[in-house]
Amino acid sequence: MLRIEGLSKTYRTGDKALTDVSFEVPAGQVVGLIGPSGAGKSTLIRCINRLVEPSAGAVHLRDLNVTGLSRSALRQARRRIGMIFQEYALVERLTVMENVLSGRLGYVPFWRSFLRRYPGEDVAKAFQLLERVGLTEHADKRADALSGGQRQRVGIARALEQDPELLLVDEPTASLDPKTSRQIMRLILEICQERNLPAIINIHDGIRAQSFTQRIIGLQAGVVVFDGPPAELDDKVLTRIYGEEDWTAMRRGASEDDEEDAREREERLAGLV
Amino acid sequence: MPVSTLNGQPAWAHRTGKARLALWAGWLGLVALFVFCWEVMTENTIWDFVRDAPQQAADIGSRMVPPAWSYMDRLWWPLWDTLNIATLGTLMGIIIAIPVAFLAAQNTTPSYYIARPIALFIIVASRSINSLIWALLLVSIIGPGVMAGIVAIGLRSIGFVAKLLYEAIEEIEETQVEAVTATGASGAQVINYAIVPQILPAFAGISVFRWDINIRESTILGLVGAGGIGLQLQASLNVLAWSQVTMIFIVILATVVVSEWVSAKVRHAII
Amino acid sequence: MTETAHPTKWKRPPILIRDARWRYAIYGGALVYMVLAIGSVEVNWIRVYEGLERGWRFIQGFLQPDFTTRWYDIRIGLIESLTMTVTSTVVGVLISVPIGIGAARNLAPPVVYLVCRAIIALSRALQEIIIAILLVAMFGFGPFAGFLTLSFATIGFLSKLLAEDIEDIDEAQAEAIRATGASWWQLINYAIQPQVMPRLIGLSLYRLDINFRESAVIGIVGAGGIGATLNTAIDRYEYDSAGAIILIIIVIVMAAEYSSSHVRKWVQ
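**Comments concerning the overall build of chain B**
For chain B, the helix and strand inventory stands at 10 helices and two strands. Seen in sequence order, chain B has helices and strands lined up from the N terminus as β-β-α-α-α-α-α-α-α-α-α-α. Against the compact-globule benchmark of 18 Å for 271 residues, chain B has a radius of gyration of 26 Å, which places it well outside the compact range. In terms of its C-alpha atoms, chain B occupies a principal-axis envelope of roughly 75 × 65 × 35 Å. By sequence separation, contacts in chain B at least 24 residues apart represent 71% of the contacts at least 6 residues apart.

**Describing the overall build of chain A**
In terms of regular secondary structure, chain A is built from 10 helices and 10 strands. What you see for chain A is a C-alpha radius of gyration of 19 Å, in line with the 19 Å of a compact globule of 273 residues. The principal-axis extent of the C-alpha atoms belonging to chain A is close to 55 × 55 × 30 Å. The buried share among the 273 residues of chain A stands at 42%.

**Describing the interface of chain C and chain A**
For interface size, the figure often reported is the accessible area lost on association. Listed as interface residues are seven residues of chain C and, on the opposing side, 11 residues of chain A. The residue makeup of the side of chain C that touches chain A, split by class, is three nonpolar, two polar and two charged.

**What about the sheet that holds strand β1 (residues 2-10) of chain A?**
All names here are of chain A. Ordered by their spatial adjacency, four strands build an open sheet running β2-β1-β4-β5, and the pairing between neighbours is antiparallel. With one partner strand each, in any of the chains shown, β2 (16-25) and β5 (64-65) form the two edges of the open sheet. Sheet topology places β1 next to strand β4 (residues 56-61); five bridges connect them, and they run antiparallel. Across the sheet, the residue bridging to R3 is H60, located in β4. The sheet contacts of helix α1 (residues 41-48) involve β1, β2 and β4, and relative to β2 the element is tilted by about 60°.

**Focus on the sheet that holds strand β10 (residues 223-228) of chain A**
Residue and element names in this part refer to chain A. Reading across the sheet, the six strands line up as β6-β7-β8-β3-β9-β10 and stay open at both edges, with mixed pairing between neighbours. With one partner strand each, in any of the chains shown, β6 (81-84) and β10 form the two edges of the open sheet. Neighbouring strand axes in the sheet, compared pairwise and without regard to direction, differ in orientation by 20° on average. Two elements, strand β7 (residues 166-170) and strand β8 (residues 199-203), share four bridges in a ladder whose sense is parallel. Residue pairing for β8: D170 is matched across the bridge by N202.

**With respect to the domain arrangement of chain B**
For chain B, the assigned domains read domain 1 (3-47) and domain 2 (72-270). Just the C-alpha atoms count here: the centres of domain 1 of chain B and domain 2 of chain B sit 42 Å apart.

**Overview of the environment of B:A194**
Relative to the elements of secondary structure, B:A194 occurs in helix α8 (residues 187-218). Taking the number of C-beta atoms within 10 Å as the measure of exposure, B:A194 has 26 and is therefore buried. Considering only alpha carbons, one finds B:A194 and B:G154, 40 residues apart in sequence, at a separation of 28 Å. Ignoring sequence-local partners within four residues, the contact set of B:A194 consists of A:V91, B:Q176, B:V177 and B:V180.

**Let's talk about helix α2 (residues 47-64) of chain B**
With 18 residues, α2(B) should cover 26 Å at 1.5 Å per step; its first-to-last C-alpha distance of 25 Å lies within 8% of that length. Along α2(B), the sharpest kink reaches roughly 50°, centred on B:A53 and followed within four residues by the proline B:P54.

**Topic: the interface of chain B and chain C**
On the side of chain C, 46 residues touch chain B, which itself brings 45 residues to the contact. Contributions of two or more residues to the side of chain B that touches chain C are made by α1 (17-41), α2, α3 (76-104), α4 (115-128), α5 (131-142), α6 (146-170) and α10 (242-270) of chain B. In terms of residue class, the side of chain B that touches chain C is built from 33 nonpolar, 11 polar and one charged.

**Details of the nonpolar core**
In this structure, B:A135, B:L138 and B:L165 are the most contacted members of the largest nonpolar core, which totals 204 residues. Other than its neighbours up to four places away in sequence, B:L138 contacts B:A148, B:V151, B:A152 and B:A226.

**What to know about helix α7 (residues 174-182) of chain B**
The set of residues buried in α7(B) consists of B:Q176, B:V177, B:A179, B:V180, B:T181 and B:A182. As for α7(B), its buried residues are in contact with α2 (71-78) and β6 of chain A together with α8 of chain B. Immediately downstream of α7(B), the backbone of B:G184 shows phi near 95°, a positive value.

**What about the pairing of β8(A)?**
Residue and element names in this part refer to chain A. Most of β8 sits out of view: five of its five residues are buried. Alternating residues of β8 divide into A199, I201 and I203 and I200 and N202, and every residue in both groups is buried. With five bridges connecting them, strand β3 (residues 30-34) and β8 associate as parallel partners. Residue pairing in the sheet places V31 in a bridge with I200 of β8. Crossover handedness for the path β7 to helix α7 (residues 178-195) to β8: right-handed.

What counts, and at which threshold
Residues numbered from 1 in each chain as written. Chains lettered and ligands numbered in written order. Predicted model: local features only at pLDDT ≥ 70, side-chain atom pairs only at ≥ 80, totals over all residues. Helix = DSSP H or I, 4+ residues; strand = E, 2+ residues; numbered from the N terminus. Rg over C-alpha atoms; globule rule 2.2 N^0.38 Å. Contact = placed C-beta atoms within 7 Å. Buried ≥ 20, exposed ≤ 12 C-beta atoms within 10 Å, placed from the backbone. Nonpolar A, V, L, I, M, F, W, Y, C, P; charged D, E, K, R; others polar. Pairing = 2+ DSSP bridges. Axes fitted to C-alpha atoms, helices over the stretch in contact; angles between N-to-C directions. Domains from an automatic or database assignment. Expected span 1.5 Å × (residues − 1). Bend = angle between axes of the 7 residues up to and from the residue. Core = buried A, V, L, I, M, F, W, Y, C linked by C-beta atoms within 7 Å. Right-handed = clockwise from strand over helix to strand, strands pointing away.

Okay, structure coming up:
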């Protein structure tokens, strides 16, 4: 599905952000990309859709070599890759609906996007996605009138409006409170499951990532230092990625979080029934 | 350090000796420069005229009142022209300023070493030259009339609008641009969806603000023949009809106050 | 998940004016105005066509400016402009400081406040050119009238901004100084001056910049300076000399802007 070969990125300032990163993501797999801040997680994600131009290496999306594409072909590749951002990155002054529809920009000609005359099926899909993320009644509000959690839901809908084959998720919960974070994370995972959508999720917190992904890739100073199932992510590996910490205490905190999460889910179910 | 030791006691002074000296030297230099400039400037001044000024002022003042109220009948049409010069000139300036601003902004310019310096030069040239000078030139080139006034106001507005607009473009949030780019949007779509919404309020504010300034400036363009109420002013000044001049001043003042009020209202509504 | 029918049409809600009738009335009004305005512009196209040749000559003059032929006049004009700029800025700033303090609501008694505000309003309402016309009529032609004009305009500009700055100061600092039993003068010196001084210097430099630009204009009505030289050059259709003068103005304005922004950064 996605194959990354020998990807390196050296910034113009001389900082080496990524060194010889290679891995493959099969269809339907959710990968957690962990590492301390500054490890190159964001750079790696952005190299996949070339928001950041890699210095060396190749990115293959199915049979397509993304790194070798011309500008217009790159646009067509980008629309196949949905992206969800850390600070939502919505266009604050546009309505929620316009933000969701902007996921179709790679498909429609300029005049349609300029006049906001999107094809009927695009609009219907947008409404369906807004219903899925629970924001139907907010469609005509401006994005900056929403709360953080709601904004990130719009961000998710925008990415899905692209009909992506791959989802890139960059620290989706970094600016949210713990409870909203869990809700957003759960929503992303549910959607990936529903659509059998492969995803790469950047997440700072390695222990949290362990609990919901099928595979973990650990990045340290731009080098892959771990790649395997979450169960193999023991204290020794965590220490190699993050440095010395009290992992037992952190695990306890995470499991308390999970319990609360389960309780919330039960309450929600009870409310539904 | 301002705290030093004097006779074994710590002594405090506002500034160190060196800083104090530099400060005094600076002030002295400024005074010397002022005196020198004053001497050069007043070299050819005829002081008799200056001494005579209060009398002249009293004389002109007495002729200025009462204003020639009836003269208003002949001011309506020039006033309409003035309004048109300001409005159409602002529109022309804005239309040209928008592409210039996008060429000049670091994050949207297509070429940093060619297009950007050209755009910046257009901005500087337009801004350095007052609209009255533009009008002077244009009257000489395309002849007197409202058209010269419109073009003069337009040329002057380009630099003003483009400068403020390109600063607004450089201040946008890049993450929004990144997000729209990531959907596979084309360059034009990125501008339309990610950049325009972010700069629209600033743009509207700048335009109205410039319109307000242009109303003010277009009232005097007639002094050099570029149409509007200034033409009437020039005519009255030529025949020393001071009571008419007063009337024109009153109209200009009223126009400026009204336009300032309108612009403040509109800007308030936008932001 | 059950598939429900979703609407296939969506229209963006109007942003600024929600009432459709108002919206169309405003659009219609704007359209009518544009038609009337453009219709009332009388253009003598033959004259414009003839002018194209002159316009071309001006562009050529701008690209190949002639500094030498009229250098004597340009030199005099420049000296007048520059000296006028410096003297009027200095005098303007000196007068602006007391008026600015007097126009600050938190420092001045009501009577003083009103008088100072009236002076500011008068100075700001009248444009430089109009003041220059009156002053030239009173004081005769030449840079002295220009100097007075620019000083007067500087007062309106600086006093207003200074007064606003003083009104915006951190009240806590002023209160602390007042609490020490300081007199009014001591209050100005210790609580106000440190807070507004950097801005005042910055604004003065900015005004120096503006005064030079304006000095290039008021010459047109006889108040001396480079504007008078430019006016003569254009009247004589000497576009190469006019181009030279305009280039000189641009270069000086650029230099002034560049250096004043540096000084301002250094002061703050």
